[in-house]
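# Commentary on secondary and tertiary structure
Okay, here's what each chain looks like letter by letter:
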Amino acid sequence: MKIIFYTTGCPKCEVLKKKLSSKNLSYEICEDTNIMLEKGLSSAPALEVNGKIYNFKEAIKFINEMGDA
C-alpha cells in the first residue's frame, strides 16, 4: 500500500501524522503546495492511498479502520 501524506504543518496535519504513526503506517510526505493544487486539493492535510485521495475527515476514518501494519 502506498500512502502519500499531503501536509502544510498545521495543527490538523500534526493530528493526522500522529494517527499514522500510531498505526505504524509507512508513508511519504509531500509539502509541495503546487503538487497539492495539481491533485485538486483545496486544503491540507490529505492522504493519497493507492491513488485515492482522502480529505482530513476521511483520512482519520481510514486510519482508524486500519489494523496494526
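Above this text you will find the structure in question.
Rules behind the numbers
- Residues numbered from 1 in each chain as written.
- Predicted model: local features only at pLDDT ≥ 70, side-chain atom pairs only at ≥ 80, totals over all residues.
- Heavy atoms only, no water.
- Phe/Tyr/Trp six-rings, centres within 6.5 Å; stacked < 30°, edge-to-face > 60°.
- Helix = DSSP H or I, 4+ residues; strand = E, 2+ residues; numbered from the N terminus.
- Buried < 20%, exposed > 50% of the residue type's maximum accessible area, 1.4 Å probe, protein only.
- Axes fitted to C-alpha atoms, helices over the stretch in contact; angles between N-to-C directions.
- Parallel < 35°, antiparallel > 145°, perpendicular 65-115°, else oblique.
- Left-handed = near helix turned anticlockwise from the far one by under 90°.
- Contact = heavy atoms within 4.5 Å.
- Nonpolar A, V, L, I, M, F, W, Y, C, P; charged D, E, K, R; others polar.
- Polar contact = N/O pair within 3.5 Å; in protein donor to acceptor, adjacent residues only side chain to side chain.
- Salt bridge = Lys/Arg side-chain N within 4 Å of Asp/Glu carboxyl O.

### Overview of the packing of aromatic side chains
Taken as a whole, this structure holds 2 aromatic pairs when the rule is applied. When the ring of Phe5 is compared with that of Tyr27, the centres are 5.7 Å apart and the planes differ by 85 degrees; the resulting orientation is edge-to-face. A residue pair is termed long-range when its members are at least 10 positions apart, and Phe5 in strand β1 (residues 3-6) and Tyr27 in the loop between α1 (11-22) and β2 (28-30) qualify at 22 residues. Relative accessible area serves as the criterion here: at 2%, Phe5 is assigned to the buried category. For Tyr27, a relative accessible area of 23% puts it in the partly exposed group.

### Observations concerning the packing of α1 against helix α3 (residues 56-65)
Helices that pack against each other are described as a pair by the angle of their axes relative to one another and the distance between those axes. Packing of α1 against α3 leaves a shortest axis separation of 10 Å and a crossing angle of 15 degrees. Here α3 runs roughly parallel to α1, going by the angle between their axes. Relative to α3, α1 is oriented so that their crossing is left-handed. In contact with Lys12, Val15, Leu16, Lys19 and Leu20 of α1, α3 contributes Phe56, Ala59, Ile60, Ile63 and Asn64. For the contact of α1 with α3, the residue count by class is 7 nonpolar, 1 polar and 2 charged.

### With respect to the side chain of Glu48
Structurally, the position occupied by Glu48 is in strand β3 (residues 46-49). At a separation of 3.1 Å, a polar atom in the side chain of Glu48 contacts the side chain of Lys39. For Glu48, the contacting residues outside a window of four places in its chain are Lys2, Ile3, Ile4, Tyr6, Lys39 and Ile53.

### A closer look at the pattern of salt bridges
Taken as a whole and assessed by the stated rule, the structure comprises 2 salt bridges. Salt-bridge contacts for Lys2 lead to Glu28; the nearest nitrogen and oxygen are separated by 3.8 Å. Taken together, the positions of Lys2 in the segment before β1 and Glu28 in strand β2 put the pair 26 residues apart, joining distant regions of the chain. Here Lys39 and Glu48 are joined by a salt bridge, their closest N and O atoms 3.1 Å apart. For Glu48, a relative accessible area of 10% gives the class buried.

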